[in-house]
Amino acid sequence: MDGYLWVKAFHILFVASWFAGLFYLPRIFVNLAMETEPAATARLLEMAKKLYKFMTLLAIPALLLGFALVGVYQIGVGGQSGWLHAKILIVFVIAGYHYSCGRILRKFEAGQNTRSHKYYRWFNEVPVVLMAIAIILVVVKPF
């Protein structure tokens, strides 16, 4: 158990940091969808690109440490582990959301965005829901 608490602490730290990016990047998309001034658009795109790269760097250890908790420390293995299966599914959905943010960013860079700022305001709510589900699964372990 010596390393377990360190792995868990750093997993939580990297997940929280990753989610900060997942919360903020779509907010930049809202602003990009509303922006008409080329200089402001260029500045927002640069911010979005840097943030996406940084949050990708945060996602990697978050995922690796999470899988270490299962693989090395056997968290959720055996017994009633339905919550863990659901949590892993949610993690894949979160990774897909992260990937879709990258695709949206590339569309903005290419000047091919077709969505309104209202769409991105709703899109911005998705990681909140996913994080809430993940936390409930881990803390409550409903099944």
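Below or above, wherever it landed, is the structure these notes cover. Owing to the predicted nature of the structure, the values given are computational and were not obtained by experimental measurement. Here the residue index of a chain counts from 1 through its sequence in written order. For this predicted model, a pLDDT threshold of at least 70 governs which residues receive local features, and a threshold of 80 or more governs which side-chain atom pairs are given and counted, while totals over whole chains, interfaces and linings are taken from all residues. Here the side-chain values reflect all heavy atoms present in the structure, with hydrogen atoms and water set aside.

### Here we look at a positive patch on the surface
Basically, it comes down to this: A patch is a set of surface residues, each over 30% in relative accessible area and not in a salt bridge, joined within 9 Å for like charges and within 5 Å for the nonpolar side chains Val, Leu, Ile, Met, Phe, Trp and Tyr. Exposure was quantified through the Shrake-Rupley algorithm and a 1.4 Å probe, taking into account, for residues, occlusion by the shown protein chains and nothing else. We define a salt bridge as a contact between a side-chain nitrogen of Lys or Arg and a carboxyl oxygen of Asp or Glu at a distance within 4 Å. Neither His nor the chain ends is counted toward charge; the positive residues are Lys and Arg and the negative residues Asp and Glu. By convention, charge coordinates are those of NZ in Lys, CZ in Arg, CG in Asp, or CD in Glu. Secondary structure counts use DSSP, requiring at least four H or I residues in a row for a helix and at least two E residues in a row for a strand, with both numbered from the N terminus.
Together, Arg-103, Arg-106, Lys-107 and Arg-115 make up a positively charged patch on the protein surface. Tracing the backbone shows Lys-107 in helix H3 (residues 82–109).

### Concerning the packing of aromatic side chains
Defined as follows: In this analysis, rings of Phe, Tyr and Trp, with Trp reduced to its six-membered ring, are considered paired at centre separations within 6.5 Å, and the interplanar angle assigns stacked below 30 degrees, edge-to-face beyond 60, and tilted for intermediate values. Burial classification: accessible surface area is computed with a 1.4 Å probe over protein chains only, and a residue below 20% of its type maximum counts as buried, one above 50% as exposed, and the rest as partly exposed. The criterion for a charge sitting over a ring is simple: Lys NZ or Arg CZ within 6 Å of the ring centre, and within 35 degrees of the ring normal.
Summed over the entire model, instances satisfying the criterion amount to eleven aromatic pairs. Relative to Phe-108, the ring of Phe-29 lies with its centre 5.5 Å away and its plane at 25 degrees, an arrangement referred to as stacked. Here the residue Phe-29 occupies a position in helix H1 (residues 4–34), and Phe-108 occupies one in helix H3, the gap between them amounting to 79 residues. We classify Phe-29 as buried; its relative accessible area is 0%. The structure contains a cluster of three or more aromatic residues connected by ring pairs, namely Phe-29, Tyr-97, Phe-108, Tyr-119, Tyr-120 and Phe-123. In this structure, Arg-115 is placed above the aromatic ring of Tyr-119, and the distance from its NZ or CZ to the ring centre is 4.2 Å. Here the basic side chain of Lys-141 rests over the ring of Trp-83, its NZ or CZ set 4.7 Å away from the ring centre.

### Things to note about the packing of H3 against helix H5 (residues 126–140)
This is how the line gets drawn: Between the N-to-C directions of two axes lies an angle of 0 to 180 degrees, each axis being a line fitted to C-alpha atoms and, for a helix, fitted only over the stretch in contact. Small angles under 35 degrees read as roughly parallel and large ones over 145 as roughly antiparallel, with 65 to 115 read as roughly perpendicular and the rest as oblique. Put simply, a crossing is left-handed when the front helix is turned counterclockwise from the back one by less than a right angle, and right-handed when it is turned clockwise. Note on contacts: a residue pair is in contact if any heavy atoms of the two residues lie within 4.5 Å. Lys, Arg, Asp and Glu make up the charged group, whereas Ala, Val, Leu, Ile, Met, Phe, Trp, Tyr, Cys and Pro make up the nonpolar group; the residues left over, Gly among them, are polar.
Interhelical geometry of H3 versus H5 gives an angle of 160 degrees and a closest axis separation of 9 Å. Judged by the inter-axis angle, H3 sits roughly antiparallel to H5. When you trace H3 past H5, the crossing you get is left-handed. Residues Trp-83, Ala-86, Lys-87, Ile-90, Val-93, Ile-94 and Tyr-97 of H3 touch H5, and the partners they reach there are Val-126, Pro-127, Leu-130, Ile-133, Ala-134, Leu-137 and Val-138. Taken together, the residues that form the contact of H3 with H5 break down as 13 nonpolar, no polar and one charged.

### Points about the nonpolar core
Rules: To qualify as a nonpolar core, a set must consist of buried Ala, Val, Leu, Ile, Met, Phe, Trp, Tyr and Cys residues joined through side-chain atoms within 4.5 Å.
By size, the foremost hydrophobic cluster in this structure holds 33 residues, and its most contacted members are Trp-18, Leu-25 and Phe-29. Looking at this core, the elements that each hand over two or more residues are H1, helix H2 (38–71), H3, helix H4 (117–123) and H5. Leave out the neighbours within four places in its chain, and Leu-25 touches Ala-48, Leu-51, Tyr-52, Met-55 and Cys-101.

### Remarks on a nonpolar patch on the surface
Taken together, Ile-135, Ile-136, Val-138, Val-139 and Val-140 make up a surface patch of nonpolar side chains, about 440 Å² in accessible area. By the element assignment, Ile-135 lies in helix H5. Judged by its relative accessible area of 45%, Ile-135 falls in the partly exposed class.

### Description of the packing of H1 against H5
The description of two packed helices rests on the angle between their axes and on the distance between the axes. Contact geometry of H1 with H5 gives a least axis separation of 9 Å together with a crossing angle of 150 degrees. Relative to H5, the element H1 is oriented roughly antiparallel. Residues Phe-19, Leu-22 and Phe-23 of H1 lie in contact with H5, whose contacting residues are Pro-127, Val-128 and Met-131. Considered class by class, the residues forming the contact of H1 with H5 number six nonpolar, no polar and no charged.

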